[in-house]
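Listed below, chain by chain, are the residues.
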Amino acid sequence: MAIDQHGDANLEGVSIRSLPKVSLHDHLDGALRPQTIIELADEAGVEVPEAAADDLADWFEDQSDSGSLVEYLKTFDLTIAVMQTRDGLRRVAKEFVEDLAADGVIYGEVRWAPEQHLGGGLSLDEVVEAVQEGIEEGEDSVEGSGRDIRVGQLITAMRHTDRSLEIAELAVRHRGRGAVGFDIAGPEAGFPPSNLRPAFDYLASAFFPATVHAGEAAGLDSIRSALIDGRALRLGHGVRIAEDLDVVAEKGEEVQVRFGDLARWVRDREIPLELSPSSNLQTGAIAAWGTQLEDHPFDLLYQLGFAVTVNVDNRTMSRTSLTRELKLLADAFEYTLDDLEAFQLNAAAAAFLTIEEREELIELIGEGFSA
Ligand SMILES: [Zn+2]
């Protein structure tokens, strides 16, 4: 049975929502509550396509089902328009954290592009500080309700603008004050990480971790550039790494696969893949394999030993949650709780945290899944 983004689902009699989870690929401007958009738009004088929260939620879903990344990205014009003030950014960040906690997430990384939030006259540092205030307010309110969550910022540069070095410097400047990593987003095809090489060189010299959107709207060359030019420690989606796998035979349960050098590297170096099942379907990232979740190479990658993680990408656009994505995968591939736990352990191990903090997450996940 389908669930919505606030729903729960059971697997082996256990509430998926109640299980401890880690969310690594989760866009701030893709995770607004429709009601909040309406209220912030009213204050900012921004026009909304639907005046009621439910209708606006439907609108996002319809817009996002277009099958093209470029069309999908247009829904962000609205969310970004209401995130141009300190109060707007703070509120959206606070609710982001609360919604994650309500979904059972114990650690999250929120990615967003500060350069897109300067329309109200705030500086790059001020917008990062506003989001951090909201995150901390959210963490406090979650703690007040008897749970624990921690959320770190992934400071994102847009691939098609010319600010990546400045944004990389911004990220490093906020290390220890909320920023835990760097990312690049926006149109992937035609904008390889090699174009942003000075930013990545700077980050590498500062030993600041990066994940890179790659292998979503473009293929193996983009992934190669993310690893070589971007020194990416994780791949944002990375789903098209499966293009470097050649399934030569399927004998019952056993699949024989020929690996390209790139796929072998990504698997054997355990470079985490931030897979986002619903989003990958909507943007056409898995079009080469099919149009249904069952066609997603997720299971092939998992069975072959890739470090797969499960993500929401954009909760509002895909009307989803981590609970929902896990349920969809469990239904499509007959996963058990042990599989779901493996995905969370992969995500915890891939978090941009210290090794002690990652071990703590791994312990919490182990406890939560065995309870
Ligand atoms: Zn993304």
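See the structure printed just above.
Every value quoted in this text rests on a predicted model; they were computed, and no experiment measured them.

Novice: Would you mind going over the overall build of the protein in detail, with residue names and values included?
Specialist: Per the secondary structure count, the protein includes 16 helices and 12 strands. Here the C-alpha radius of gyration of the protein, 19 Å, is about what a compact globule of 371 residues would show, namely 21 Å. Projected onto the principal axes, the alpha-carbon positions of the protein cover approximately 60 × 50 × 40 Å. Every one of the 371 residues in the protein was classed for burial, and the buried ones make up 57%. Within the protein, residue pairs in contact and separated by at least 24 positions form 75% of the contacts whose partners lie at least 6 positions apart.

Novice: Residues and numbers for the coordination of the zinc ion, please.
Specialist: For the zinc ion, the full set of protein donor atoms is His25 (NE2), His27 (NE2), His213 (NE2) and Asp313 (OD), and the range of their distances to it is 2.1 to 2.4 Å. One can describe the donor arrangement at the zinc ion as irregular, given that its 4 donor atoms subtend angles of 86 to 172 degrees at the metal. Each donor residue of the zinc ion belongs to the same chain, and together they define the spacing H-x1-H-x185-H-x99-D. Of this pair, His213 sits in strand β7 (residues 211-214) while Asp313 sits in the loop between β12 (308-310) and α13 (315-318), and the two are 100 residues apart along the sequence. On the accessibility criterion, His213 (5% relative accessible area) is buried.

Novice: Please set out the pairing of strand β5 (residues 150-158) residue by residue, giving values where relevant.
Specialist: Counted residue by residue, β5 has 8 buried out of 9 residues, so it is predominantly covered. One ladder, built from 6 bridges, connects strand β4 (residues 105-112) with β5; its direction is parallel. Looking across to β5, one finds that Gly108 is bridged to Val151. Between the parallel elements β4 and β5, the chain passes through helix α6 (residues 124-144) in a crossover that is right-handed. Bridge count between β5 and strand β6 (residues 179-185): 6 bridges; the pairing is parallel. Within the sheet, the bridge partner assigned to Met158 lies in β6 and is Ala185. Each parallel crossover has a hand, and for β5 linked through helix α7 (residues 164-173) to β6 it is right-handed.

Novice: Provide a residue-level description of the sheet that holds β6, including the pertinent values.
Specialist: To summarise the sheet geometry, strands pair through backbone hydrogen bonds and adopt either a parallel or an antiparallel arrangement. Read from one edge of the open sheet, 4 strands run β3-β4-β5-β6, paired in parallel fashion. Two strands in the sheet have a free side with no partner beyond their single neighbour: β3 (21-27) and β6. Strand-to-strand twist across the sheet, computed as the mean angle between neighbouring axes with direction ignored, equals 25 degrees. With 5 bridges joining them, β3 and β4 adopt parallel strand pairing. Bridge assignment links Ser23 to a residue of β4, and that residue is Gly108. Against the sheet, α7 contacts β5 and β6, and its axis sits at roughly 160 degrees relative to β5. Here helix α16 (residues 355-370) sits on the sheet in contact with β3, β4 and β5, set at roughly 130 degrees to β4.

Conventions adopted
- Residues numbered from 1 in each chain as written.
- Predicted model: local features only at pLDDT ≥ 70, side-chain atom pairs only at ≥ 80, totals over all residues.
- Heavy atoms only, no water.
- Helix = DSSP H or I, 4+ residues; strand = E, 2+ residues; numbered from the N terminus.
- Rg over C-alpha atoms; globule rule 2.2 N^0.38 Å.
- Buried < 20%, exposed > 50% of the residue type's maximum accessible area, 1.4 Å probe, protein only.
- Contact = heavy atoms within 4.5 Å.
- Donors = N, O, S within 2.8 Å, 3.2 Å for Na, K, Ca; no water.
- Tetrahedral: all angles 85-135°; square planar, octahedral: opposite > 155°, others 65-115°.
- Pairing = 2+ DSSP bridges.
- Right-handed = clockwise from strand over helix to strand, strands pointing away.
- Axes fitted to C-alpha atoms, helices over the stretch in contact; angles between N-to-C directions.

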